[in-house]
Protein chains: 2
Amino acid sequence: MNKKVILVNRPRGPIKDTDFKVVSELLNTVLKQGEVLVRVEWLSIDPAQRVWISGKISYIPPVAIGKVVNGFGVGYVIISKSPAFKKGNFVFGLLGWQEFATVHASGLNKLPSYENPQRYLGVLGITGLTAYFGVTEIARPQKKEVMIVSSAAGAVGSIACQIGKMKGCKVIGICGSNQKVDWLMNVVKIDGCINYKTEKNLSHTIRKLCPDGVDIYIDNVGGKILDAVLANIRKNARIVFCGAISSYDNDKAPPIHNYPVAIAMSATLEGFIVWDDYQNRFELAVRQLSRWVQEKKIIHREHVLEGLENAPKALAMVMAGENFGKMIVRVVEKVRL
Amino acid sequence: MNKKVILVNRPRGPIKDTDFKVVSELLNTVLKQGEVLVRVEWLSIDPAQRVWISGKISYIPPVAIGKVVNGFGVGYVIISKSPAFKKGNFVFGLLGWQEFATVHASGLNKLPSYENPQRYLGVLGITGLTAYFGVTEIARPQKKEVMIVSSAAGAVGSIACQIGKMKGCKVIGICGSNQKVDWLMNVVKIDGCINYKTEKNLSHTIRKLCPDGVDIYIDNVGGKILDAVLANIRKNARIVFCGAISSYDNDKAPPIHNYPVAIAMSATLEGFIVWDDYQNRFELAVRQLSRWVQEKKIIHREHVLEGLENAPKALAMVMAGENFGKMIVRVVEKVRL
C-alpha cells in the first residue's frame, strides 16, 4: 500500500486540516521504461507549496484537486527501470507527500553522500541553493555593503545571512520572534536584528540601523517589509526576490508603494527560481555549501515533524512562521538499505 | 534684468498657478572663476520636475521654496569665466526656469550642432537618451520579443517604441487618447496600441494582444498599468523603470500587487537615471540617435509653448497627459549670436 496526502480543495487564506486528506492506495510496482520507484524518507516543507496548491502561476504546475501534494523530498530507489539509477541509490526530486513515488529518471538527482540525506532538502538543497545563488549571483555583495535579510532565521534567510557575512557585508536580519533574534545575534552572529512583529515603525528602525542606506535586500516576504526596505535603499541597490510569503495565503499580494525609489536609486529588483535558472550549476554550489558546513562557517537548523500525516501541519507552521529552522517531515524512521 | 519662475510652495496633488511666481531680479554679470552666464533659449518640461518641486528623494536635490525651478535647458553663452566655453557656444545643462542662468562650467555640455538646438532637450536629449539606454542597455531586446511601452506617445515612450521596432520587437503602446493611438499606429507604425483611459480591463486586453506574454516593459507610469503588465509577463521579462508619473502628484505612489510574479518568471525590474548612470556614453548615443533621425528611422514630435511664464502651465499639461510630443518652452524667440 502507498499512503499519500491529497489536496481536497484549494485553500483560501490560511490552510486547514480539511484542505487535505490522507488516503491509502495499492502501490503500483509495474513501471514504464525510464521510471523509478522511490521510497520516500524525508519531505521538504516550503512556502512555495502554498502557491502550488493555490492554483496560482508558479514554476511548477498547480496541484490538481484529488491529487497528491507536490513537494521536494529525498528517498531511496527500490525499483529502477532506468540505467541512470539502481536499487539502493539515494535520490532527490519532486517526490510528493507520499510514502512511495513513481518518478521519471529525468526528474531525479543522485545524492552526493548518504550521510544526513535530509540536508539535501535544506542547507544543501533548494533553500540553501536559493540563498547561495541569490546572494552570490544576483546580489553580488561587495565588502562593507549593507545587506538586509527577511525571514532571517528561515531556511533561505539564515544561509543568506551567513554568506553575506562571509562576503564582508554588514548583515541585518528581520524575523518574527525574540527567540529567533537571539539565535541570529548570538549564534549566527549577524550585525543587527529586528523583530518585525513588535516593531512599530519598521522603516524608521531600518534607517537607524543602516544610516547610510541599504545596498542589498534578500527578500523572502514581500509586502510591508519590502516596502520599508525600499524606503531605505541607496544608489545601485539590489533587491533579490527569493520568495513572497506574505502573499501566498491570499489571492492578491499585499501592496507595495515605494517601487519608484528604484528609479532615483538605479536599483534592481530581481526574481528567480533556483530550480529553473541554476540547475546546471547545483553540483559545484552544493560542494561549496558542504565545505562551509564542514568548516562550521555555516550553521543551520532543522525543524523535524514525524510522520507523513503531519505534512499539512508542518506547512501551516511554516506559513505562520512557527517553525525554527528548515521544516522537514520524516516519512519513515530509517530507510532499509 | 533676469526674469525667473520661482517655487512659492510645495504643491500637493496637481500643481496650480499659485505654486509658482514670476519675478524679475537684477542680472548679476559678475562671475566667479569657472562660471558661465547663459542666455536660456529653450526649456525642457519633464514629469521629473514634479518630483523635484515635491521635496521627495530624486537624483537632483529638491527645489527650495523661493528658488528658481530647476530644469534642463539649452541656451547660448554670453559671458564665460571658464576656458571650456566661449561667447556664442550653445550649451545644454540644468539652466532652470529663467532667462539667464549662471552655471559652473562642469554642469554644462556644448551642443554638437547649432541646428534645432531644442532637439537636445527631446529626441537628442535626456528623454531620447533615457529611451536609448533603457531599451538598448537595460531591456536588451531580442528579435521577436514582445515589448510594451507606456506613455507610448510621450517623449521617452515614442522613442522607445521606435528603437524596439528597429531591434525586431513586436511593440504595443499604451497611451491616453485616441489621437495618440492613431499617431502611434499610423505614423510611428507600432504593432498595437491601447488607450488606457477607455480600457475597462487592461490586463485582459494586454493578454489578448500578447497571448504568449510580455518580454519587455518600458515603464513611464507605474501604478495600475505596471500591475496589469506584471500580470502578463513571461519568463525572463525585463521591466525598465524610466519613470512613474502616476506617483508624482502624490505623497505615496499608487500600489502594485503583482510583484511576486517576478519570482516565478525570473524577471528583473530595474530603475535608472540616464543623467547619472550613462553620462560618459552620451556622445556616442546622441550621434546614433541623430543618425536615426536623419535617416527618418526615428520620428519625433515637439509640443512648444511660448514664453517663460508658461512653464508652469506646460508642466501641468505634461502631468495631465495633455501634451502631444516632447513638451518644451521657448524662452526667447531666437538667440542673438
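Since the model is a prediction, treat every value here as computed from it, not as a measurement.

## A closer look at the side chain of Ser44(A)
Residue and element names in this part refer to chain A.
Link 1 in the chain: Of note, Ser44 is situated in strand β3 (residues 35–44).
Link 2 in the chain: Within the local environment of Ser44, its side chain forms a polar contact with the side chain of Asp46, the two groups lying 2.6 Å apart.
Link 3 in the chain: Leaving out residues up to four positions away in the same chain, Ser44 has contacts with Gln49, Phe72, Gly73, Leu121, Lys326, Met327 and Ile328.

## Overview of the packing of helix α5 (residues 202–209) of chain A against helix α6 (residues 223–230) of chain A
Residue and element names in this part refer to chain A.
Link 1 in the chain: Contact geometry for α5 and α6: axes closest at 8 Å, N-to-C directions at 45°. By the angle class used here, α5 and α6 are oblique. In this structure, α5 crosses over α6, and the sense of that crossing is right-handed. Touching Leu202, Ser203 and Ile206 of α5 are Ile225, Ala228 and Val229, all from α6.
Link 2 in the chain: Looking at the contact of α5 with α6, its residues break down into 5 nonpolar, 1 polar and no charged.

## Looking at helix α3 (residues 157–166) of chain A
Given 3.6 residues to a turn, an α-helix orients residues that are three or four positions apart in the same direction.
Link 1 in the chain: Within α3(A), 8 of the 10 residues are buried, which leaves the element mostly enclosed by the surrounding structure.
Link 2 in the chain: Those residues of α3(A) hidden inside the fold are in contact with α2 (126–139), β8 (146–150), β9 (170–175), α4 (178–188), β11 (214–219) and α10 (282–294) of chain A.

## Brief notes about the state of the cysteines
Think of a disulfide as a covalent bridge from one cysteine sulfur atom to another cysteine sulfur atom.
Link 1 in the chain: Scanning all chains against the criterion turns up 0 disulfides over all chains.
Link 2 in the chain: Take Cys193(A): it sits in no disulfide, and the sulfur closest to it among the cysteines is that of Cys175(A), at 3.9 Å.
Link 3 in the chain: Here Cys161(B) is not disulfide-linked; the sulfur of Cys193(B) is the nearest cysteine sulfur, at 7.5 Å.
Link 4 in the chain: Relative accessible area serves as the criterion here: at 0%, Cys161(B) is assigned to the buried category.

## Here we look at the domain arrangement of chain A
Note on interface size: it is often stated as the accessible area lost on association of the parts.
Residues and elements named next belong to chain A.
Link 1 in the chain: Along its sequence, chain A is carved into domain 1 (2–122 + 301–330) and domain 2 (126–275).
Link 2 in the chain: The centre of domain 1, based on its C-alpha atoms, is set 28 Å off from the matching centre of domain 2.
Link 3 in the chain: With 26 residues of domain 1 at the contact, the number on the domain 2 side is 17 residues.
Link 4 in the chain: For the pair domain 1 and domain 2, the summed buried surface comes to about 1,800 Å²; carbon and sulfur atoms form 60% of the total.
Link 5 in the chain: For domain 1, the biggest contributors to the area lost against domain 2 are Lys56, Tyr59 and Phe324; these three give 29% of the whole.

## Structural notes on the nonpolar core
Link 1 in the chain: Counting residues in each nonpolar core, the largest one holds 245 residues, and the members touching the most others are Trp97(A), Ile206(A), Ile218(A), Trp97(B), Ile206(B) and Ile218(B).
Link 2 in the chain: Residues contacting Ile218(A), with those up to four places away along its chain left out, are Gly134(A), Val135(A), Ala139(A), Met147(A), Ile148(A), Val149(A), Ser150(A), Ala160(A), Val240(A) and Cys242(A).

## Notes on the interface of chain B and chain A
Link 1 in the chain: At the interface, 35 residues of chain B touch 35 residues of chain A.
Link 2 in the chain: Taking both sides of the interface into account, the surface hidden between chain B and chain A amounts to around 2,600 Å²; carbon and sulfur atoms contribute 65%.
Link 3 in the chain: Inspection of the chain B/chain A interface yields 4 salt bridges.
Link 4 in the chain: Our count for the contact surface shared by chain B and chain A stands at 16 residue pairs in polar contact (both at pLDDT 80 or more).

How each quantity is defined
Residues numbered from 1 in each chain as written. Chains lettered and ligands numbered in written order. Predicted model: local features only at pLDDT ≥ 70, side-chain atom pairs only at ≥ 80, totals over all residues. Heavy atoms only, no water. Helix = DSSP H or I, 4+ residues; strand = E, 2+ residues; numbered from the N terminus. Polar contact = N/O pair within 3.5 Å; in protein donor to acceptor, adjacent residues only side chain to side chain. Contact = heavy atoms within 4.5 Å. Axes fitted to C-alpha atoms, helices over the stretch in contact; angles between N-to-C directions. Parallel < 35°, antiparallel > 145°, perpendicular 65-115°, else oblique. Left-handed = near helix turned anticlockwise from the far one by under 90°. Nonpolar A, V, L, I, M, F, W, Y, C, P; charged D, E, K, R; others polar. Buried < 20%, exposed > 50% of the residue type's maximum accessible area, 1.4 Å probe, protein only. Disulfide = S-S within 2.5 Å. Domains from an automatic or database assignment. Buried area = accessible area lost by both parts, 1.4 Å probe. Core = buried A, V, L, I, M, F, W, Y, C linked by side-chain atoms within 4.5 Å. Salt bridge = Lys/Arg side-chain N within 4 Å of Asp/Glu carboxyl O.

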